[in-house]
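Summary of structural features
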Amino acid sequence: MTNKQIIRAAAERLDPATLHQIATAHHTPEEIAAVAASCKIVDKDGNEKPATAADIEIMFAADELHTFDFWKKEGKSVKKGEKALLECYLWKYTTKPSKEQREKAAAEGKEAAPDPHYYPTKSHLFSCLQVESSRPAPQARFKSTAEIIAYNKQLAAERKAAKEAAAKAAAEVARPAPVVVEEHHELPELVHVEPLPTKPAPKKPRTTKKPAADVAELKKAERKAMHEFMAVPETDRAGQAATLEAWRKATATRKAAEKAADEAPAVTVSMEELEPVFEKWYSSFYRTHDDNDSKEYREAVKTFDQKSKNDPEFSAIVQQFTNCRCDFISSDREAAAFVMALDELNHKHNAPEMVPSVQQLDFASIAAGVLA
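Keep in mind that what you see is a predicted model, and the values were worked out from it rather than measured. (Residues numbered from 1 in each chain as written. Predicted model: local features only at pLDDT ≥ 70, side-chain atom pairs only at ≥ 80, totals over all residues. Heavy atoms only, no water.)

**Comments concerning the overall build of the protein**
- From N to C terminus, the protein includes 14 helices and nine strands.
- Excluding contacts between residues fewer than 6 apart, the proportion of contacts in the protein whose partners are at least 24 apart in sequence is 75%.
- Of the accessible surface of the protein, which amounts to about 26,900 Å², a share of 55% is contributed by carbon and sulfur atoms. (Helix = DSSP H or I, 4+ residues; strand = E, 2+ residues; numbered from the N terminus. Contact = heavy atoms within 4.5 Å. Areas by Shrake-Rupley, 256 points an atom, 1.4 Å probe, with all protein chains shown as cover.)

Here it is, written out as structure tokens:
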């Protein structure tokens, strides 16, 4: 028997309530019922009969029972105070020669050659419900409520100072300009100049790179599912049915990802240009108290929500932007800043380029000479 078959046989010794709790940790009752309806099992007498939900729960629970060393390799550790659910003998691989071989080689004055083989060893099994991630929890930014209150006061003071500075700057602009008396000089007769001709700014080439789907990882998962199916012995009909279903799901997921990658809309915005403009708008909204009262702000938030649902190209740009920043757009301020930054870039790229005229250049040089 393989280790997987040994663990499955040992799992039958657990009570049904424990098996149900372990099996439903990663599978819904509907999934268990669907697998049971499509599987058959062979009893001890060799007779084939339809599988029940209890049979499938034993199979799923057995897949979640592993040794301490296995869970450690998966980045998990057994919770404090937990004890092993089962004890059984599992096969372990080694190349170390046996004691008899070592003694025989020592008597001949030689070194014992490696002896690859499997040997049974007593193992203790823990379920997925008895382990937790061994990674340390992230350290909190604030250690006490007092620090949070102090930080909020600091932010409020900064916003108040920024608002006062903006009001002061607006008052400076509103002051009447001082009257300056200058010496009068006669200028040459002005020449009528037609309005400056314009030409449209050259459009930047649209990039056609589509968002890359993680197809390579899905292919690996598909190959892994195929190998697991092939590793199940022919006598294990239930195991064959379960691994075959997993293989089919992996294949369907991989095909769907490839199709989505082919149909993904093209992205037409440079993230290097978009990110600083986004930060500028976000800082502006963050420093302002009355952003919710601004019609421009509310329209930007509404536009973000509508386009995220109905515009695939806009959604693709948002996805690329979040990948570039390694952070999601999770607040109204960020949504408004993103829309305003995107509009600013589009306006900048589509603005007409001014073409100076010869008459204007001549007039500027004459005026500079007279005033000098």
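**Brief notes about the pairing of strand β6 (residues 117–127)**
- With three bridges joining them, strand β3 (residues 65–67) and β6 adopt antiparallel strand pairing. Looking at the pairing, T67 lines up with L125 of β6.
- Summarising the sheet, strand β5 (residues 86–94) and β6 pair through nine bridges and their orientation is antiparallel. Opposite C88, over in β6, you have S123 as the bridge partner. (Pairing = 2+ DSSP bridges.)

**Here's the deal with the pattern of salt bridges**
- Inspection of every chain in the model, using the stated rule, returns nine salt bridges.
- Where K219 meets E258, a salt bridge forms, and the shortest distance between an N and an O atom there is 4.0 Å. Within this pair, whereas K219 is found in helix α8 (residues 215–231), its partner E258 is found in helix α9 (residues 237–263), the two being separated by 39 residues in sequence.
- A relative accessible area of 37% places K219 in the partly exposed class.
- Here E222 ties to R254 by a salt bridge, and the two come within 2.8 Å at their closest N and O atoms. (Salt bridge = Lys/Arg side-chain N within 4 Å of Asp/Glu carboxyl O. Buried < 20%, exposed > 50% of the residue type's maximum accessible area, 1.4 Å probe, protein only.)

**A short note on the confidence of the model for the protein**
- Confidence along the protein averages 80 in pLDDT terms, with 78% of residues attaining 70 or more.
- Within the model, the stretch residues 353–364 combines pLDDT values under 50 with 14 contacts to residues more than four positions away or in other chains. (pLDDT = per-residue confidence, 0-100.)

**Description of unusual backbone geometry**
- Positive phi, normally seen in glycine, also occurs at C326, with a value near 55°.
- Its place among the elements puts C326 in the loop between α12 (312–325) and α13 (332–350).

**As for the side chain of T322**
- Structurally, T322 is set in helix α12.
- Apart from residues no more than four positions distant in its own chain, T322 is found in contact with D327, F328 and I329.

**A word on the packing of aromatic side chains**
- Counting across every chain of the model gives 11 aromatic pairs.
- Relative to W71, the ring of F70 lies with its centre 5.9 Å away and its plane at 80°, an arrangement referred to as edge-to-face.
- Linked through ring pairs, F278, Y282, F304, F314, F321 and F338 together constitute an aromatic cluster. (Phe/Tyr/Trp six-rings, centres within 6.5 Å; stacked < 30°, edge-to-face > 60°.)

**Concerning the sheet that holds β3**
- If you walk across this open sheet you meet the three strands as β3-β6-β5, and the pairing is antiparallel. Edge positions in the sheet fall to β3 and β5, since each of these pairs with one other strand and no more. Geometrically, the sheet is characterised by an average inter-axis angle of 50° between neighbouring strands, direction not taken into account. (Axes fitted to C-alpha atoms, helices over the stretch in contact; angles between N-to-C directions.)

**Description of the nonpolar core**
- If you look at the biggest cluster of nonpolar residues, it comprises 25 residues, and the most contacted ones within it are L274, F304 and F338.
- Of all the elements in the fold, those that place two or more residues in this core are α10 (271–287), α11 (295–310), α12 and α13.
- A per-element tally of this core places α13 first, with nine residues.
- Judged by nonpolar contacts, the second largest core, of 20 residues, contains I6, I58, A61 and L125. (Core = buried A, V, L, I, M, F, W, Y, C linked by side-chain atoms within 4.5 Å.)

**Describing the side chain of E57**
- Relative to the elements of secondary structure, E57 occurs in helix α4 (residues 53–62).
- For the buried E57, which has no salt bridge, the nearest side chain bearing the opposite charge is R8, at an N-O separation of 13 Å.
- Every residue in contact with E57, bar those within four places of it in the chain, is listed here: L19, H20, A23 and I32. (Lys, Arg positive; Asp, Glu negative; His and termini not counted.)

**A look at a nonpolar patch on the surface**
- On the surface, W91, Y93 and Y118 cluster together to form a nonpolar patch covering roughly 380 Å² of accessible area.
- Among the secondary structure elements, W91 is positioned in strand β5.
- Residue W91 is classed as partly exposed on the basis of its relative accessible area of 41%. (Patch = residues over 30% accessible without salt bridge, like charges linked within 9 Å, V, L, I, M, F, W, Y side chains within 5 Å.)

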